[in-house]
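Listed below, chain by chain, are the residues.
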Amino acid sequence: MNTINADFRSDTVSRPSPAMREVMVKAPVGDDVFGDDPTVNALETWTAEFAGKEAALFCTSGTQSNLVALLAHCQRGDEYIVGQEAHTYKYEGGGAAVFGGIQPQPIEYSNDSTLDLNKVRSKVKPDDFHFARSRLLCLENTRSGDVLPMDYHSQAASLCSETGLALHLDGARLFNACVKQQVSLQDIAQHYDSISLCISKGLGAPAGSILVGNAELIDQARRWRKMLGGGMRQAGIMAAACQYALENNIPRLAEDHKNALHLAKGLASLPGVNCDIARAQTNMVFMTLNDAAITDGLVARLADEGIAVLGGDVMRLVTHMDIDRSAVDRLISVCDAYLQGIGQH
Ligand SMILES: *Cc1c(COP(=O)(O)O)cnc(C)c1O
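Definitions and limits used
- Each residue is numbered by its place in its chain's sequence as written, counting from 1.
- Only residues with pLDDT of at least 70 get local features here, since the model is predicted, and only at 80 or more are side-chain atom pairs given and counted; chain-wide, interface and lining totals rely on the full set of residues.
- To get the side-chain values, all heavy atoms of the structure are used, and hydrogens and water are removed first.
- Secondary structure elements are taken from DSSP: a helix is a run of H or I of four residues or more, a strand is a run of E of two residues or more, and numbering for both begins at the N terminus.
- Only protein chains enter the accessibility calculation, which uses a 1.4 Å probe; a residue is then buried when its area is under 20% of its type maximum, exposed when over 50%, and partly exposed in between.
- Here a salt bridge means any side-chain nitrogen of Lys or Arg lying within 4 Å of a carboxyl oxygen belonging to Asp or Glu.
- The distinction between a cavity and a pocket rests on a 1 Å grid over the protein atoms alone: a 1.4 Å probe fits inside a cavity but cannot get out, while a pocket stays open yet meets protein on both sides within 12 Å along at least five of seven lines, and a residue with an atom within 4 Å of a point counts as lining.
- Grid points are joined across faces, edges and corners, and a volume is the space filled by probe spheres set on the points.
- Amino acids are sorted into nonpolar (Ala, Val, Leu, Ile, Met, Phe, Trp, Tyr, Cys and Pro), charged (Asp, Glu, Lys and Arg) and polar (every other residue, Gly among them).
- Note: domain ranges come from an automatic or database domain assignment.
- The near set for a molecule or strand comprises every residue that places at least one heavy atom within 4 Å of it.
- Pairs of N or O atoms within 3.5 Å make up the polar contacts considered here, provided that, within protein, one atom can donate a hydrogen while the other can accept it, and that residues adjacent in sequence are counted only when both atoms are side-chain atoms.
- Values of accessible area rely on a 1.4 Å probe in the Shrake-Rupley scheme; residue burial ignores everything except the protein chains shown.
- UniProt positions are given in the numbering used here, feature names are shortened, and annotations may be inferred rather than shown by experiment.
- Strands pair, by our definition, only if DSSP identifies at least two bridges between them.
- Multiply 1.5 Å by the residue count of a helix minus one, and that product is the helix's expected span.

> I'm lost on unusual backbone geometry in this one. Help?
Of all residues except glycine, most have a negative phi; of all peptide bonds, most are trans. Residue Thr142 follows Asn141 across a cis peptide bond; omega there is -5°. With respect to the secondary-structure elements, Thr142 resides in the loop between strand E5 (133–140) and helix H7 (150–163). Not every positive phi belongs to a glycine, and Ser113 is a case in point at roughly 70°. Here Ser113 lies in the loop between strand E4 (103–107) and helix H6 (117–123). For Ser113, a relative accessible area of 2% puts it in the buried group. Its identity is not glycine, yet Ser144 carries a phi of approximately 50°, on the positive side. Looking at the element boundaries, Ser144 is found in the loop between E5 and H7.

Here's what the structure looks like:
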């Protein structure tokens, strides 16, 4: 086994930097379940203000933050309208149905990762006891690295206010969208009733997500978080890392985006590789091989060279703060050598 020194599987793999670890060590802490942890309290206040919302809730993960939002918005027998491939539908274990009796109404994404608002409208159910009560629209930004167009947020919000839905954003990688579009968090957040933000992805914290919304919603979400086992005690150690990440690591996402574009261009130039450069909008690159049967061999060869990637018919490569330009160049040249070696050139 070779040591992995460049890990493209996800931006969740980034490690806390020495400076981040230092603020964690020095963080003043208390018991957050008693509301006494000054570092958690400061993070929640700071993030709410940063997003232009009344309140915020520090959660263990993005899955928990999305789930407590769904549980706070919806009652048993309500439904949320959501993308077919959305994290909040497909990748969170059916938590909303398990814990809340909340029914998903999935619809297909359009090519630009929006949900067609006419389709959404057609799924909003009339007030009739045959139907679940349509209660919430749930969007995702970025979605597989795609950035939602700025004018889409207000269009979605108008549809929601017209039809009586609330609007939630799974913003696991929302800061990638903000940096890409050169807008503030508030510019996007103003259109949403609640937003879940992951601090453990591109921003580099070891764990932690934050839900923002109005005070009443966040109170409800705090109850649910306790029931779900998310009441952490001296959580300030983790909150300090998240505060550091929010204050220091947002602008540098632009570097990850440049590296992703450089990677996409490099891969697209290799014979036998399909890589749509236009899809590398933020920090994700998708590639397929003409001959899918050689994928496993490529993954193994990269691992031999200390480079970790996920396999699959469509290979997703993610850039982040622990991937520099030379790691990107190394990945491209190992792919090139491998494809040449098996006669793909
Ligand atoms: C990662 C992610 C989440 C949350 O995942 P956790 O691993 O629970 O933090 C939510 N939505 C999207 C789109 C994600 O990529």
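Okay, back to it.
> So what exactly am I meant to see when it comes to the pattern of salt bridges here?
Two side chains carrying opposite charge are able to pair once their charged atoms lie near each other. Going through the model one piece at a time under the given rule, you end up with 13 salt bridges. With a shortest N-O distance of 3.9 Å, Asp146 and Arg279 are connected by a salt bridge. With a gap of 133 residues between them, Asp146 in the loop between E5 and H7 and Arg279 in the loop between strand E9 (273–275) and strand E10 (284–289) connect regions that are remote in the sequence. Residue Asp146 is classed as buried on the basis of its relative accessible area, which comes to 5%. Residue Arg279 is classed as partly exposed on the basis of its relative accessible area, which comes to 30%. Between Arg301 and Glu305 there is a salt bridge; the shortest N-O distance is 3.9 Å. For Arg301, a relative accessible area of 30% corresponds to the partly exposed category.

> What's the story with the layout of surface pockets in this structure? I'm lost.
Of the voids in this model, the largest pocket is the one considered here, and its volume is about 400 Å³. As for the largest pocket, its lining consists of 16 residues, and the residues nearest its centre are His87, Tyr91, Glu140, Ser144 and Arg316. Residues belonging to the lining of the largest pocket are distributed by class as follows: 4 nonpolar, 5 polar and 7 charged. Split by domain, the lining of the largest pocket shows at least three residues from each of two domains, domain 1 (18–248) and domain 2 (252–341). In this structure, the second largest pocket occupies an estimated 180 Å³ of space. Around the second largest pocket, the lining residues are Arg143, Ser144, Arg279, Phe286, Leu310, Gly311, Val314, Met315 and Arg316. Considering only residue class, the lining of the second largest pocket consists of 4 nonpolar, 2 polar and 3 charged.

> I would appreciate a short explanation of the site of the ligand in the present structure.
The local shell around the ligand consists of Ser61, Gly62, Thr63, Asn66, His87, Glu92, Glu140, Asp170, Ala172, Arg173, Cys198 and Lys201. Take Asp170: an N or O atom from its side chain is 2.6 Å from a nitrogen atom of the ligand. Within the contact set of the ligand, an oxygen atom lies 2.7 Å away from a side-chain nitrogen or oxygen of Lys201. A total of 380 Å² of accessible area belongs to the ligand in isolation, and the protein chains cover 80% of it. Residue contributions to the shell around the ligand peak at 3 residues, all from helix H3 (residues 62–73). Of the residues that constitute the shell around the ligand, the class distribution is 2 nonpolar, 5 polar and 5 charged.

> Could you clarify how one ought to interpret the UniProt feature "domain: Aromatic amino acid beta-eliminating lyase/threonine aldolase" (unreviewed entry) in the protein in this entry?
UniProt annotation of "domain: Aromatic amino acid beta-eliminating lyase/threonine aldolase" (unreviewed entry) refers to residues 7–288 when read in the numbering used here. In residues 7–288, helix accounts for 43% and strand for 17%; the two terminal C-alpha atoms are 19 Å from one another.

> Even after reading the chapter, I still don't get empty space enclosed by the protein, so can you show me in this structure?
Empty space left among the atoms is revealed by rolling a probe the size of a water molecule over them. Summed over all chains, the structure comprises 1 cavity of 30 Å³ or more. In this structure, the largest cavity spans a volume of roughly 40 Å³. Sorting elements by how many residues they give to the lining of the largest cavity places helix H8 (residues 174–181) first, with 3 residues. Here the residues of the lining of the largest cavity sort into 6 nonpolar, 2 polar and 2 charged.

> Teacher, can you tell me more about the pairing of strand E2 (residues 55–59) here?
Two faces make up the sheet, and in a regular strand the side chains alternate between them. Where burial is concerned, most of E2 is hidden: 5 out of the 5 residues are buried. On E2, burial covers both faces: Ala55, Leu57 and Cys59 on one face and Ala56 and Phe58 on the other are all buried. Of the strand pairs in this sheet, E2 and strand E8 (residues 209–213) are connected by 5 bridges, and their pairing is antiparallel. Each bridged residue has a counterpart across the sheet, and for Ala56 the counterpart in E8 is Val212.

> Would you explain H3 in this entry?
The periodicity of an α-helix, 3.6 residues per turn, causes residues three or four places apart in sequence to face the same way. Relative to the 16 Å expected for 12 residues at 1.5 Å per residue, H3 spans 16 Å between its end C-alpha atoms, a close match to the ideal helical length. Most of H3 is tucked away, with 11 of its 12 residues classed as buried. Listing the buried residues of H3 in full gives Gly62, Gln64, Ser65, Asn66, Leu67, Val68, Ala69, Leu70, Leu71, Ala72 and His73.

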